[in-house]
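Analysis of the macromolecular model
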Amino acid sequence: MAILGLKNDNNAGKDSEIFHFPTSKNVLIIFTRNPELGKCKTRLAGTVGDDAALKIYKFLLNHTVAITTPLKVDKFVYYSEKLREGDVWNSNNYRKKVQKGDDLGLRMDQAFKEVFELGYERAMVIGSDMYDMTTDDLSNGFDQLNDNDFVLGPAEDGGYYLLGMKKLNSEIFQNKAWGTDTVLRDTLADLKKEQVTLLEEKNDVDYYEDIKNIYAFQEFFPSELKKTKD
């Protein structure tokens, strides 16, 4: 799925609780995995190898930084395992926290709960592996929340790459088969009585087949998988 994270290891690191004043009514939550060899993009690694998968994930992290930095909203990065200082997420632009919960739904629910308790009026979560996503897509997501209570960005694999809301609805994070093609369908069923809008469907990066024809990724592939530019 497009939004990914691992169970928090409480012994690996803790996010410090510092009093925070929102500087915007909007907040972007970015879920990210700690980039470690053999622990990220494992399905992609099955074809391209662990080393290439790690390089691709770091490339995607930098892309996510590039498209989120220009947004005039507050931004929180939720790490999968432990906080990192001095990485691609500049502490001047991103507040850093650690995901909490036993599955992806609980972790997203907790993250939304935390930012709403800080006083934000519109909150949106994305993963950090969407090459197809742009700054304009994110701005449009926040714009859609002006007239809708929820916004979803459908992924081609049946999940979603973006979820935004103006009020916490914990039901949408419960009883989901995360990582399967039923997630979007079941989430929309939970929201059938709400004002919901869908963004453009996009392709996330899980498998080699998702990116094999995208030239930007060719440099990371083993020689036998590389394709020449048309």
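Above this note sits the structure.
Scope of this entry: the structure provided in the associated data block.

1. Some thoughts on the packing of aromatic side chains
Tallied over the full model, the rule gives ten aromatic pairs. Taken together, a centroid distance of 6.3 Å and an interplanar angle of 25° make the contact between Phe-112 and Phe-116 stacked. You can see Phe-112 and its partner Phe-116 sitting in helix 3 (residues 104-117), four residues apart, about one turn around the helix. Among the residues examined, Phe-116 registers a relative accessible area of 18% and is labelled buried. Look at Phe-112 and Phe-173: their rings are 5.9 Å apart centre to centre, the planes differ by 25°, and that puts the pair in the stacked class. Of this pair, Phe-112 sits in helix 3 while Phe-173 sits in the loop between strand 6 (160-165) and helix 5 (183-190), and the two are 61 residues apart along the sequence. Under the relative-accessibility criterion, Phe-112 is labelled buried at 0%. Site record: aromatic cluster; members linked through ring pairs are Phe-59, Tyr-131, Phe-217 and Phe-220. Here Lys-75 stacks its cationic end above the ring of Tyr-94, 5.9 Å away from the centre of that ring.

2. Looking at unusual backbone geometry
One non-glycine residue, Lys-41, lies in positive phi territory at about 50°. Looking at where Lys-41 falls in the secondary structure, it is placed in the loop between strand 1 (26-32) and helix 1 (42-48). Of note in the backbone geometry, Asn-175 takes a positive phi value of approximately 55° without being a glycine. Inspection of the secondary structure puts Asn-175 in the loop between strand 6 and helix 5.

3. Some words on the sheet that holds strand 3 (residues 95-98)
Each strand in a sheet pairs with another by means of backbone hydrogen bonds, the pair being arranged parallel or else antiparallel. Ordered by their spatial adjacency, seven strands build an open sheet running 3-2-1-4-6-5-7, and the pairing between neighbours is mixed. Two strands close off the open sheet at either side, each with one partner strand: strand 3 and strand 7 (196-198). Neighbour-to-neighbour, the strand axes of this sheet turn through a mean angle of 20°, independent of strand direction. Where strand 5 (residues 150-154) and strand 6 come together, five bridges link them in antiparallel fashion. The residue of strand 6 that forms the bridge with Phe-150 is Met-165.

4. Here's the deal with the pattern of salt bridges
All told, the structure shown has 16 salt bridges when counted by the stated rule. Here Asp-137 ties to Lys-202 by a salt bridge, and the two come within 3.3 Å at their closest N and O atoms. With a gap of 65 residues between them, Asp-137 in helix 4 (residues 135-144) and Lys-202 in the loop between strand 7 and helix 6 (208-211) connect regions that are remote in the sequence. When its relative accessible area of 17% is taken as the criterion, Asp-137 is described as buried. The structure contains a network of salt bridges with shared partners spanning Lys-41, Arg-43, Asp-129 and Asp-206.

Each value, and the rule that gives it
Residue numbers here run from 1 along each chain, matching the order of that chain's written sequence. Local features are withheld for residues below a pLDDT of 70 in this predicted model, meaning they are given only at 70 or higher, and side-chain atom pairs are given and counted only at 80 or more; totals for whole chains, interfaces and linings count all residues. Just so you know, side-chain values use all the structure's heavy atoms and leave hydrogens and water out. Two aromatic rings, drawn from Phe, Tyr or Trp (for Trp, its six-membered ring), form a pair once their centres lie within 6.5 Å of each other, and the interplanar angle then sorts them: stacked below 30 degrees, edge-to-face above 60, tilted otherwise. Per the convention used, a helix needs a DSSP run of H or I reaching at least four residues, while a strand needs a run of E reaching at least two, with both numbered from the N terminus. Burial classification: accessible surface area is computed with a 1.4 Å probe over protein chains only, and a residue below 20% of its type maximum counts as buried, one above 50% as exposed, and the rest as partly exposed. Here, a charge over a ring means that NZ of Lys or CZ of Arg falls within 6 Å of the ring centre while also lying within 35 degrees of the ring normal. Between any two strands, pairing holds if DSSP finds at least two bridges. A fitted line through C-alpha atoms serves as each axis, taken over the contacting stretch for helices, and the angle formed by two N-to-C directions is quoted from 0 to 180°. We define a salt bridge as a contact between a side-chain nitrogen of Lys or Arg and a carboxyl oxygen of Asp or Glu at a distance within 4 Å.

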